[in-house]
Amino acid sequence: MKDKSIFTQAVHAGERGPRPDFTAVSTPIYQSVGYLYDDMADLDSVFGGTREGYVYPRYGSPTVTAFERAVALLEGAKDAVAFASGMGAIHAALTGTGLRPGAAVVAAADVYGATYALLERMFTALGVRVRTVDITDLDHVARAVAEERPAALLCEIVSNPLLKVADVPALAEIARSVGASLLVDSTFATPYLFRPLEQGADYAVHSATKYLNGHGDVLVGVVACSAERGRDLRERQKLLGANLGPQQAWLALRGLKTLPLRMRQHCANAQIVAEWLARQPAIAAVHYPGLAGHPQHALADRLFEGRGFGGMVSFELKGAGQAEVFAFMEALQMVLPATTLGDIYSLVLYPAHSSHRQLDPEVRAAIGISNGLVRLSVGLEEAEDIIADLAQALGRVGYDSQSG
Ligand SMILES: Cc1ncc(COP(=O)(O)O)c(C=O)c1O
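Residues numbered from 1 in each chain as written. Predicted model: local features only at pLDDT ≥ 70, side-chain atom pairs only at ≥ 80, totals over all residues. Heavy atoms only, no water.

J.: What's the story with the sheet that holds strand 1 (residues 79-83) in this structure? I'm lost.
T.: By way of backbone hydrogen bonds, the strands of a sheet pair with one another, either parallel or antiparallel. Strand order in the open sheet formed by seven strands is 1-7-6-5-4-2-3, and the pairing between neighbours is mixed. On the outer flanks of this sheet lie strand 1 and strand 3 (129-133), each paired with one strand and no other. Ignoring which end each strand starts from, the neighbouring axes of this sheet average 20° apart. Direction of pairing for strand 2 (residues 104-108) relative to strand 4 (residues 152-156): parallel, over a ladder of three bridges. Counted as the bridge partner of Ala107 is Leu154 from strand 4. Packed on one face of the sheet, helix 4 (residues 86-96) meets strand 1, strand 2, strand 4, strand 5 (181-185), strand 6 (203-207) and strand 7 (221-225) and runs near 160° to strand 6. Each of strand 2, strand 3 and strand 4 is contacted by helix 6 (residues 138-148), which is oriented at about 165° to strand 3, the strand it contacts most. (Pairing = 2+ DSSP bridges. Helix = DSSP H or I, 4+ residues; strand = E, 2+ residues; numbered from the N terminus. Axes fitted to C-alpha atoms, helices over the stretch in contact; angles between N-to-C directions. Contact = heavy atoms within 4.5 Å.)

The following block contains the structure:
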């Protein structure tokens, strides 16, 4: 390069040094869309799939692979495929179940709002029949599945925002009886609490934007599944895009390292906060699977094997509508009214105007999302500090709160 023009030197200087003969302890960010091989025959065999390697990031890239391998290990899966968002992951997994015109999907009625809208608007428009069910009523699910003979049965292991718990082993049996694939959105549980594939699910999907990454700084989705389903998803991804970038993969991999530590603390804090909320005269109802009165408390205890009940709590402010809930959320001083969950920070959200805004008010009411409902993602702060903030905010908007 010494004898070349400064234009040529500037383009190539410093790049493509000798291959390292060391291994980086922490996976580097491979910020490149091109990969070089010793000769064209090598590149050809990578393209042909007879040699492992990378050709173009829509076909896979090294930092993303590191994140995928980590998720697969934690989920007890043969493979995991990362996407640019949780919705990208859900869309890919749904298409992977074989949904096509004339096919059906049976889904929990209270899945995340965008998941519901994806089914109701996009898949319905493509000729897919969508039937929603109360996922906690197994007879109801079995009847719907027998009638529809769907390609896919879809649920959230812990639902958003009502925290209903799905009996995944029983649902897997129902799905198997008609050859349907069971797709479990495991965002709220994470593999710390529950591994859907070990209990009969075919796909475990995550908005890894939430607990898996955990730091509120990256949008990521991932699907854990069998090797065969993973191969199929990668083929789809080559055509559909929605790939995760290397920087996001690096952040998500870094976040994943503290998942069990964070989940342990989220669970412990949420239990304390939920029990406190349940004692407050201002609160009409608390939804948390760790409370003895929760309809699926025993099921959650069995499925999560005593590790806890997650970090999400929702509650209804007594007699409140949107104005009262907004006043309460604005009165909070530490807990943040930000539109996400599963972060280190404690966060509140008003489902009726955000995650479930896309639903008709009647549909929202029918699935139990009232105008007084608040969703709280309990963070990693000291539980007493979270409670103190909730108490002062209740006080500032005219509700009594009780300590102890
Ligand atoms: C349970 C659940 N699944 C899927 C999604 C969608 O994930 P993303 O926002 O990463 O696309 C969300 C987002 O809030 C969610 O809460």
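After presenting the structure, the write-up continues.
J.: What am I meant to see in the nonpolar core here?
T.: One broad trend across soluble globular proteins is that nonpolar side chains are buried collectively. Counting residues in hydrophobic clusters, the biggest one holds 102 residues, and the most contacted among them are Phe67 and Phe328. Broken down by element, the residue count for this core peaks at eight residues, all from helix 11 (residues 259-278). Setting aside chain neighbours within four positions, we find Phe328 in contact with Phe315, Leu317, Val374, Leu390, Ala393, Leu394 and Val397. (Core = buried A, V, L, I, M, F, W, Y, C linked by side-chain atoms within 4.5 Å. Buried < 20%, exposed > 50% of the residue type's maximum accessible area, 1.4 Å probe, protein only.)

J.: Which parts of the structure should I look at to understand the site of the ligand?
T.: In the vicinity of the ligand, 15 residues are found, and the nearest of them are Met87, Asp185, Ser207, Thr209 and Lys210. In this structure, Thr209 approaches the ligand through a side-chain N or O atom, which is 2.7 Å from an oxygen atom. Considered on its own, the ligand offers 390 Å² of accessible surface; in the complex 90% of this is hidden by protein. Residue contributions to the shell around the ligand peak at three residues, all from helix 4. (Near = heavy atom within 4 Å. Polar contact = N/O pair within 3.5 Å; in protein donor to acceptor, adjacent residues only side chain to side chain. Areas by Shrake-Rupley, 256 points an atom, 1.4 Å probe, with all protein chains shown as cover.)

J.: Can you help me understand the side chain of Asp79 in this one?
T.: Along the chain, the position of Asp79 falls in strand 1. With relative accessibility at 14%, the residue Asp79 sits in the buried group.

J.: I keep staring at the pattern of salt bridges and nothing clicks. Help me out?
T.: Any two side chains of opposite charge can pair, on the condition that their charged atoms come close. Scanning the model with the defined rule gives 13 salt bridges in all. Between Asp38 and Arg19 there is a salt bridge, and its shortest N-O distance comes to 3.1 Å. Of the two residues, Asp38 sits in the loop between helix 1 (6-12) and helix 2 (40-48) while Arg19 sits in the loop between helix 1 and helix 2, which places them 19 residues apart along the sequence. Its salt-bridge partner being Arg236, residue Asp232 comes within 2.9 Å of it at the nearest N-O pair. Here Asp232 and its partner Arg236 are both found in helix 9 (residues 227-240), four residues apart, which amounts to about one turn of the helix. Assessed through its relative accessible area of 25%, Asp232 is described here as partly exposed. Ionic contacts of the salt-bridge type, sharing partners, join the residues Arg129, Arg131, Glu147 and Glu148 into one network. (Salt bridge = Lys/Arg side-chain N within 4 Å of Asp/Glu carboxyl O.)

J.: Where do I start with the environment of Gln271 in this structure?
T.: Tracing the sequence through the fold places Gln271 in helix 11. The exposure class assigned to Gln271 is buried, which follows from its relative accessible area of 17%. Spatially, the C-alpha atoms of Gln271 and Tyr59 are 43 Å apart, while their sequence positions differ by 212 residues. Setting aside anything within four residues of it in sequence, one finds Gln271 in contact with Tyr288, Gly290, Leu291 and Phe309. Polar contacts involving the side chain of Gln271 include one to the side chain of Glu275, which spans 2.8 Å.

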